[in-house]
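Here are the chains, one letter per residue:
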Amino acid sequence: MGLAGLFHDLGMTQIPDKVVYQIEPLDPEAWETIKKHPSLTYQILKESGAMPSEVLQLVLEHHENADGSGYPSGLPLGKQHPWTRIIRLVDAYDALTGHRPFRQGLTPFAALKILQNQISPKGQSFDPRTLKNFIRFLALL
Ligand SMILES: [Fe+2]
Ligand SMILES: [Fe+2]
């Protein structure tokens, strides 16, 4: 889990800076390029020969959503590694609370509200149970 947390976005080093640091919303072509980064991370780490297969699976799946609407493979929760849902959630939380060139980081409360809003009967990016446990965990810190 720790190794996957550290290395999941390594593939972004292969994406042109122009796309990675783009401030304007991504056009469909740029978005398709970004979507390649989990597979690129997978390839780099696999070629290193230094990572357990579970780490490879977690980095490949770190943008898969609970309802199967994620990328690169659109795997629903039941077909993902059981820890993918944790990486998916804390990565999104980190993205929202971290500073970006185009905006300040959000407060933990504001970030959790956004994550909560992405769990609806229409679609679920995150596993509701994992989000509930994460909120509980943060409250104890
Ligand atoms: Fe990523
Ligand atoms: Fe990430």
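Preceding block: the structure.
Each value, and the rule that gives it
- Residues numbered from 1 in each chain as written.
- Chains lettered and ligands numbered in written order.
- Predicted model: local features only at pLDDT ≥ 70, side-chain atom pairs only at ≥ 80, totals over all residues.
- Heavy atoms only, no water.
- Helix = DSSP H or I, 4+ residues; strand = E, 2+ residues; numbered from the N terminus.
- Rg over C-alpha atoms; globule rule 2.2 N^0.38 Å.
- Buried < 20%, exposed > 50% of the residue type's maximum accessible area, 1.4 Å probe, protein only.
- Contact = heavy atoms within 4.5 Å.
- Phe/Tyr/Trp six-rings, centres within 6.5 Å; stacked < 30°, edge-to-face > 60°.
- Donors = N, O, S within 2.8 Å, 3.2 Å for Na, K, Ca; no water.
- Tetrahedral: all angles 85-135°; square planar, octahedral: opposite > 155°, others 65-115°.
- Salt bridge = Lys/Arg side-chain N within 4 Å of Asp/Glu carboxyl O.

Caption draft 1: Layout of the overall build of the chain. When helices and strands are counted, the chain shows eight helices and two strands. Listing the helices and strands of the chain from first to last along the sequence gives α-α-α-α-α-α-α-β-β-α. Over its C-alpha atoms the chain spans a radius of gyration of 15 Å, differing by no more than 12% from the 14 Å that the globule rule assigns to 141 residues. Principal axes of the C-alpha set define a box for the chain whose edges measure 40 × 35 × 30 Å. Out of the 141 residues belonging to the chain, those deemed buried represent 33%. Pairs at least 24 apart in sequence give 49% of the contacts found in the chain among residues at least 6 apart.

Caption draft 2: View of the packing of aromatic side chains. Per the stated rule, a full pass over the model turns up three aromatic pairs. Ring geometry for Trp 31 and Tyr 71: centres 6.1 Å apart, planes at 75°, overall edge-to-face. Highlighted residues: Trp 31 in helix α3 (residues 28-34) and Tyr 71 in the loop between α5 (53-61) and α6 (84-97), separated in sequence by 40 residues. Relative accessible area serves as the criterion here: at 11%, Tyr 71 is assigned to the buried category. Look at Phe 134 and Phe 137: their rings are 6.5 Å apart centre to centre, the planes differ by 20°, and that puts the pair in the stacked class. Placement of the pair is Phe 134 and Phe 137 together in helix α8 (residues 128-140), with a separation of three residues, close to one helical turn. Its relative accessible area of 11% is what places Phe 134 among the buried residues.

Caption draft 3: Focus on the coordination of the iron ion (ligand 2). Distances from the iron ion (ligand 2) to its protein donors, namely His 8 (NE2), Asp 9 (OD), Asp 91 (OD) and Asp 91 (OD), fall within the range 2.1 to 2.8 Å. Taken together, the four donor atoms coordinating the iron ion (ligand 2) and their angles of 50 to 165° define a geometry best described as irregular. Counting gaps between the donor residues of the iron ion (ligand 2) yields the pattern H-D-x81-D. If you look at the iron ion (ligand 2) and the iron ion (ligand 1), they sit 3.7 Å from each other and are both ligated by Asp 9. Of the two residues, Asp 9 sits in the loop between α1 (2-7) and α2 (17-20) while Asp 91 sits in helix α6, which places them 82 residues apart along the sequence.

Caption draft 4: Representation of the coordination of the iron ion (ligand 1) within the structure. Within the protein, the iron ion (ligand 1) binds to Asp 9 (OD), His 37 (NE2), His 62 (NE2) and His 63 (NE2); these donor distances fall in the range 2.1 to 2.2 Å. Its four donor atoms give the iron ion (ligand 1) angles of 86 to 177° at the centre, a pattern that matches the irregular case. Read from N- to C-terminus, the donor residues coordinating the iron ion (ligand 1) fall into the pattern D-x27-H-x24-H-H.

Caption draft 5: Molecular detail of the pattern of salt bridges. Following the criterion strictly, the structure yields one salt bridge and no others. For Glu 32, the salt bridge is made with Lys 35, and the minimal N-O distance between the two is 3.6 Å. Assessed through its relative accessible area of 44%, Glu 32 is described here as partly exposed.

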